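A structural walkthrough
Now for the letters of each chain:
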Amino acid sequence: QLQLQESGSGLVKPSQTLSLTCAVSGDSISSGGYSWSWIRQPPGKGLEWIGYIYHSESTYYNPSLKSRVTISVDRSKNQFSLNLSSVTAADTAVYYCARVPHPTEAFDIWGQGTMVTVSS
Amino acid sequence: QSVLTQPPSFSAAPGQKVTISCSGSSSNIGNNYVSWYQQLPGAAPKLLIYEDNKRPSGIPDRFSGSKSGTSATLGITGLQTGDEADYYCGTWDSSLSVVVFGGGTKLTVL
């Protein structure tokens, strides 16, 4: 059974870059028919989609974050990553990685989430 | 302010049936598939419904989804205390070019 596990720094200073990795186990990230996504949830608030990386490695980002976001994949390590630059306190959130089977466009498997706090 | 509108909270007794609404527009719900997610306290969201009304394997048929025009509905029958959670609708918005979620509905099972 496919599982996703986020990892990365839990505390990031303002103006620095947030970096997270999502390890995929139970299947190859190179399996066709899926894209991979990041979603975040500020404390006590709702869900915000960050972006996708498709099987082709093309990416699509939330326009509100596009200038600061990079999602990439490392097939040799069976993982994908999120970099978010120039962070502020507004980027404090639980960050989730998720799988998206095509053509459902729904997030069918989620990681447990990792809390990232932006603070000096 | 979420693009998709859900009631902030809902309460019902065990065994009852509830429906949670998700209202949008022609650029999102009206022309794209809707999915629904359950988020138990302290846990990651879990997919309940995809493509408006389909259930992933393992999701009991107590959960159902429907859509009419620019609104979608999640139905839950035979409410259980374990159904107490936040429920989110989500879809693609073709005008904004972004995945959008509702603000979430906190379901309390009294």
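Calculation notes
Position numbers for residues count from 1 along each chain, tracking the sequence in the order it is written. To read the labels, note that chains go from A and ligands from 1, taken in the order they are written. Predicted model: local features are reported for residues with pLDDT of at least 70 only, side-chain atom pairs are reported and counted for 80 or more only, and whole-chain, interface and lining totals are derived from all residues. The basis for the side-chain values is all heavy atoms of the structure; hydrogens and waters are excluded. Defined by distance alone, a disulfide is two cysteine sulfur atoms within 2.5 Å. Only runs of H or I of at least four residues qualify as helices and only runs of E of at least two qualify as strands under DSSP, and these elements are numbered from the N terminus. Exposure classes here rest on a 1.4 Å probe applied to the protein chains alone. A residue is buried below 20% of its type maximum, exposed above 50%, and partly exposed in between. DSSP bridges decide pairing: two strands pair if at least two such bridges lie between them. Note on geometry: axes are C-alpha line fits, over the in-contact stretch for helices, and angles between N-to-C directions span 0 to 180 degrees. Throughout this description, the term salt bridge denotes a Lys or Arg side-chain nitrogen within 4 Å of a carboxyl oxygen of Asp or Glu. It only takes one pair of heavy atoms within 4.5 Å for two residues to be counted as in contact.

All names here are of chain A. Inspection of the entire model under this criterion finds two disulfides over all chains. Note on cysteine connectivity: cysteine 22 is disulfide-linked to cysteine 97, with sulfurs 2.1 Å apart. Disulfide cysteine 22-cysteine 97: torsion about the S-S bond near 60°, hence right-handed. Remark: cysteine 97 occurs in strand E9 (residues 93-101) and cysteine 22 occurs in strand E3 (residues 18-25); sequence separation between them is 75 residues. Given the relative accessible area of 0%, cysteine 22 is considered buried.

With that out of the way, let us pick up the sheet that holds E3 of chain A. Residues and elements named next belong to chain A. In space, the four strands of this open sheet follow the order E1-E3-E8-E7, with antiparallel pairing throughout. Each edge of the open sheet carries a strand with a single partner, namely strand E1 (3-8) and strand E7 (69-74). Averaged over all adjacent pairs, the angle separating strand axes in this sheet is 20°, with direction ignored. Bridge count between E7 and strand E8 (residues 79-84): six bridges; the pairing is antiparallel. Opposite aspartate 74, over in E8, you have glutamine 79 as the bridge partner.

All right, on to the pattern of salt bridges then. Per the counting criterion, the structure on display carries eight salt bridges over all chains. For aspartate 108 of chain A, the salt bridge is made with arginine 99 of chain A, and the minimal N-O distance between the two is 2.6 Å. For aspartate 108 of chain A, a relative accessible area of 24% corresponds to the partly exposed category. We note a salt bridge from arginine 62 of chain B to aspartate 83 of chain B, for which the minimum N-O separation is 2.9 Å. Of this pair, arginine 62 of chain B sits in the loop between strand E4 (46-49) and strand E5 (63-68) while aspartate 83 of chain B sits in the loop between strand E6 (71-76) and strand E7 (85-93), placing them 21 residues apart in sequence. For arginine 62 of chain B, a relative accessible area of 16% translates into the label buried. Judged by relative accessible area, aspartate 83 of chain B falls into the buried class, the value being 3%. Each member of the salt-bridge network shares a partner with another, and the members are Arg40, Glu48, Arg68 and Asp91 of chain A.

A word on unusual backbone geometry. Residue and element names in this part refer to chain A. One non-glycine residue, asparagine 78, lies in the positive phi region at around 55°. Within the fold, asparagine 78 resides in the loop between E7 and E8. Although it is not a glycine, serine 86 adopts a positive phi angle of roughly 50°. Position of serine 86 among the secondary structure elements: in the loop between E8 and E9.

Residues and elements named next belong to chain A. On the secondary structure map, valine 87 appears in the loop between E8 and E9. On the basis of relative accessibility, which here comes to 1%, the residue valine 87 falls in the buried class. For valine 87 and glycine 51, which are 36 residues apart along the polypeptide, the C-alpha to C-alpha distance reads 16 Å. If near-sequence neighbours (up to four positions away) are discounted, valine 87 is found in contact with Val12, Lys13, Pro14, Ser15, Gln16, Leu18, Arg68 and Val118.

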